[in-house]
Amino acid sequence: MPADAELPMMKKSDRTPKIRWLLLALTAASLCAGALAPVHVAEAQEQRYQRRSILDFFLGRRYLDDDGPQAPDAPQPRRQQQRKRSPTQKAVINTRTAPPVRPPVQEEPIVQKLGDAKKILIVGDFLASGLGDGLTAAFETSPGVVVEARGNVSSGLVRDDYYDWPEQLPKMIDELKPAMVVVMIGANDRQQMVTDTAKEKFRTDGWFAEYRRRVLSFGKEVTDRKIPLLWVGLPAFESDQMTADAVQMNQLYRNQVESIGGEFVDIWDGFVDENSNFIVTGSDVNGQQVRLRTSDGVNLTQAGRRKLAFYVEKPARRILGTQASPDLVRLDESALPGLGLPTNPVEHTVPISLSDPNLDGGTELLGARPPPVTLTKSPRDLLVEQGEMTPAPVGRVDDYRMPAAKSPAEVSVK
């Protein structure tokens with residue numbers, strides 16, 4: 001056979017035995033490799049499976065070893081592939097989780113009070129002290145008003161042995177010389193009163209008679225000096241008995257103060273509901289629902305103090321007038337605008353003699369030029385001087401002349 005002749009192709013039946021022998025060889029090799037595995041690995045696997053209790057077997061519990069292969073009966077866990085987030089998604093997530101950036105709080109400039117600012121003197125008990133805080137905030141932007149709060153927390157008109165208001169009030173008025181006095185007192189006066197002759201219990205006729213006298217005398221310390229007096233009534237309290245006493249005392253204050261020319265400020269509706277019941281939460285000066293009273297049902301919160309001052313602010317501004325306006329400015333040289341005046345006005349002044357015939361400006365009339373000289377008189381001069389009027393043009397509505405008679409020749413032509 002020639003050398004370049006093609007070899008015959010191997011048949012399929014000849015390849016099959018060889019493949020079988022190859023598979024058997026590979027199987028035998030793998031079994032030998034398993035038999036030659038280290039003994040300690042097999043013991044560790046045996047101990048791991050022996051730790052399973054029989055209860056775990058019946059309950060079907062399956063375990064995954066932290067550092068070893070998975071148990072034969074445990075299903076393969078599914079590994080969730082983490083999706084790669086785009087830069088846009090990361091930016092959105094960071095925006096949501098990042099804390100909001102708050103703009104810086106701009107503090108309002110403090111308004112400087114004028115040297116001649118009017119003073120409002122506030123006297124009374126702990127409610128008067130809260131009223132002082134509220135009025136201070138109300139007139140904070142008014143340079144012409146200064147609030148002086150001189151309240152004593154535990155004082156009143158009953159215990160003059162603790163704090164004698166009839167003695168202290170004249171001293172305060174002489175010291176501050178206020179333009180107005182605001183009184184809010186009485187929350188501590190629901191107790192026994194000691195007089196020169198007896199001890200009067202609260203709510204008795206003798207107690208109310210003496211209390212009327214003290215209120216009247218206290219108010220006259222202000223009105224006798226021709227100073228406006230504002231007497232603020234008591235609000236409702238959480239205690240029903242205190243509320244009933246406040247109603248009776250407010251009526252007493254109104255009658256006594258108005259009899260001496262003072263003004264009673266009624267604040268009752270601001271701290272009760274539509275049924276005149278005590279409320280803890282209500283509308284503030286801006287109409288928002290806020291807490292007005294503290295947990296004891298007696299004191300006022302900061303919002304309650306500002307609302308209390310709102311009732312006093314209206315009559316106070318009415319009495320003080322433009323002095324309470326926030327637009328009031330200083331009237332001295334510091335507030336004058338620049339007028340562009342010369343520093344030395346004497347240098348720019350030309351003296352004029354009082355006997356100067358041109359002082360009246362006659363020579364400067366019509367641009368300092370003499371009137372034109374005309375030989376004919378104007379229609380105005382003819383009318384004013386001679387009473388003659390220029391005849392109207394022929395055919396105009398004011399032409400009252402009779403038409404001229406026509407000649408016989410003109411008539412014959414027609």
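Given the structure is predicted, the values throughout are model-derived calculations rather than measurements. (Residues numbered from 1 in each chain as written. Predicted model: local features only at pLDDT ≥ 70, side-chain atom pairs only at ≥ 80, totals over all residues. Heavy atoms only, no water.)

Asks: Would you take a moment to explain the overall build of the chain for this structure?
Replies: Across its full length, the chain holds twelve helices and nine strands. Within the chain, the fraction of its 414 residues that count as buried is 28%. In the chain, the share of contacts with a sequence separation of at least 24, taken over all contacts with a separation of at least 6, comes to 64%. Per element, the accessible surface of the chain, about 30,700 Å² overall, is 55% carbon and sulfur. (Helix = DSSP H or I, 4+ residues; strand = E, 2+ residues; numbered from the N terminus. Buried < 20%, exposed > 50% of the residue type's maximum accessible area, 1.4 Å probe, protein only. Contact = heavy atoms within 4.5 Å. Areas by Shrake-Rupley, 256 points an atom, 1.4 Å probe, with all protein chains shown as cover.)

Asks: Before we go on, may I ask you to explain the sheet that holds strand E6 (residues 229-232) in this structure?
Replies: Across a sheet, paired strands are connected by hydrogen bonds in the backbone, their directions being either parallel or antiparallel. Overall, parallel pairing links the five strands, which are arranged E2-E1-E3-E6-E7 in an open sheet. Looking along the sheet, the strands with just one partner apiece sit at the ends: strand E2 (145-149) and strand E7 (263-265). Neighbouring strand axes in the sheet, compared pairwise and without regard to direction, differ in orientation by 20 degrees on average. Sheet analysis places strand E1 (residues 118-124) next to E2, joined by five bridges and oriented parallel. From the neighbouring strand, lysine 118 faces E2, where its bridge partner is valine 145. Of the strands in this sheet, E1, E2, strand E3 (180-184) and E6 are in contact with helix H5 (residues 126-138), which crosses E1 at around 155 degrees. Lying on the sheet, helix H6 (residues 165-176) is in contact with E1 and E2; it crosses E1 at an angle near 170 degrees. (Pairing = 2+ DSSP bridges. Axes fitted to C-alpha atoms, helices over the stretch in contact; angles between N-to-C directions.)

Asks: Would you mind going over the side chain of serine 155 with me for this structure?
Replies: As for its placement among the helices and strands, serine 155 is situated in the loop between E2 and H6. For serine 155, a relative accessible area of 1% gives the class buried. For serine 155, the side chain forms a polar contact with the main-chain oxygen of glycine 124, separated by 3.3 Å. Not counting the four nearest positions on each side in its chain, serine 155 is found in contact with Gly124, Asp125, Tyr162, Tyr163, Trp165 and Asn188. (Polar contact = N/O pair within 3.5 Å; in protein donor to acceptor, adjacent residues only side chain to side chain.)

Asks: What exactly am I supposed to notice about the environment of leucine 230 here?
Replies: Mapped onto the fold, leucine 230 is located in strand E6. Counting along the chain gives 86 residues from leucine 230 to alanine 316, while the straight-line C-alpha distance between them is 8.3 Å. Leave out the neighbours within four places in its chain, and leucine 230 touches Met180, Val181, Val182, Val183, Glu263, Val265, Val312, Pro315, Ala316 and Ile319.

Asks: Help me out: how do you make sense of the pairing of E6 in this one?
Replies: In regular strands, side chains alternate between the two faces of the sheet. Of the two faces of E6, the one lined by Leu229 and Trp231 and the one lined by Leu230 and Val232 are each fully buried. Two strands pair when backbone bridges link them, and E3 and E6 are joined in this way by three bridges, in the parallel orientation. Considered in E6, the bridge of valine 182 is made with leucine 230. Direction of pairing for E6 relative to E7: parallel, over a ladder of three bridges. Across the sheet, the residue bridging to leucine 230 is glutamate 263, located in E7. Between the parallel elements E6 and E7, the chain passes through helix H8 (residues 240-259) in a crossover that is right-handed. (Right-handed = clockwise from strand over helix to strand, strands pointing away.)

Asks: Looking at this structure, how should I read unusual backbone geometry?
Replies: One non-glycine residue, lysine 226, lies in positive phi territory at about 60 degrees. On the secondary structure map, lysine 226 appears in the loop between helix H7 (205-223) and E6. The exposed category is assigned to lysine 226, whose relative accessible area is 75%. A positive phi angle is found at serine 276, which is not glycine, with a value near 60 degrees. In this fold, serine 276 is placed in the loop between E7 and strand E8 (281-283).

Asks: When you look at the side chain of asparagine 250 in this model, what are you seeing that I'm missing?
Replies: Mapping asparagine 250 onto the fold places it in helix H8. Classification of asparagine 250 by relative accessible area gives buried; the value is 8%. In contact with asparagine 250, other than residues within four places in its own chain, are Gly233, Leu234, Phe264 and Trp268.

Asks: Honestly, the pattern of salt bridges in this entry has me stumped. Any pointers?
Replies: A side chain of one charge can pair with a side chain of the opposite charge if their charged atoms are brought near each other. Going through the model one piece at a time under the given rule, you end up with 16 salt bridges. Its salt-bridge partner being arginine 305, residue aspartate 133 comes within 2.9 Å of it at the nearest N-O pair. Of this pair, aspartate 133 sits in helix H5 while arginine 305 sits in helix H9 (residues 302-320), and the two are 172 residues apart along the sequence. By relative accessible area, aspartate 133 is classed as partly exposed at 38%. Arginine 305 gets classed as partly exposed once you look at its relative accessible area, which sits at 27%. With a closest N to O distance of 2.8 Å, aspartate 161 and arginine 159 form a salt bridge. Since its relative accessible area comes to 38%, arginine 159 is described here as partly exposed. Taken together, the shared-partner salt bridges in this structure form one network comprising Arg190, Arg203 and Asp245. (Salt bridge = Lys/Arg side-chain N within 4 Å of Asp/Glu carboxyl O.)

Asks: When you look at the packing of H7 against H8 in this model, what are you seeing that I'm missing?
Replies: Packed helices, taken two at a time, are described by their axes: the angle between them and the distance between them. At a minimum axis separation of 9 Å, H7 and H8 run at an interaxial angle of 45 degrees. By the angle between their axes, H7 is oblique relative to H8. Crossing of H7 against H8: the hand is right-handed. For the pair H7 and H8, the contacting residues are Phe208, Tyr211, Arg212, Val215 and Leu216 in the first and Gln248, Met249, Leu252, Tyr253, Gln256 and Ser259 in the second. (Parallel < 35°, antiparallel > 145°, perpendicular 65-115°, else oblique. Left-handed = near helix turned anticlockwise from the far one by under 90°.)

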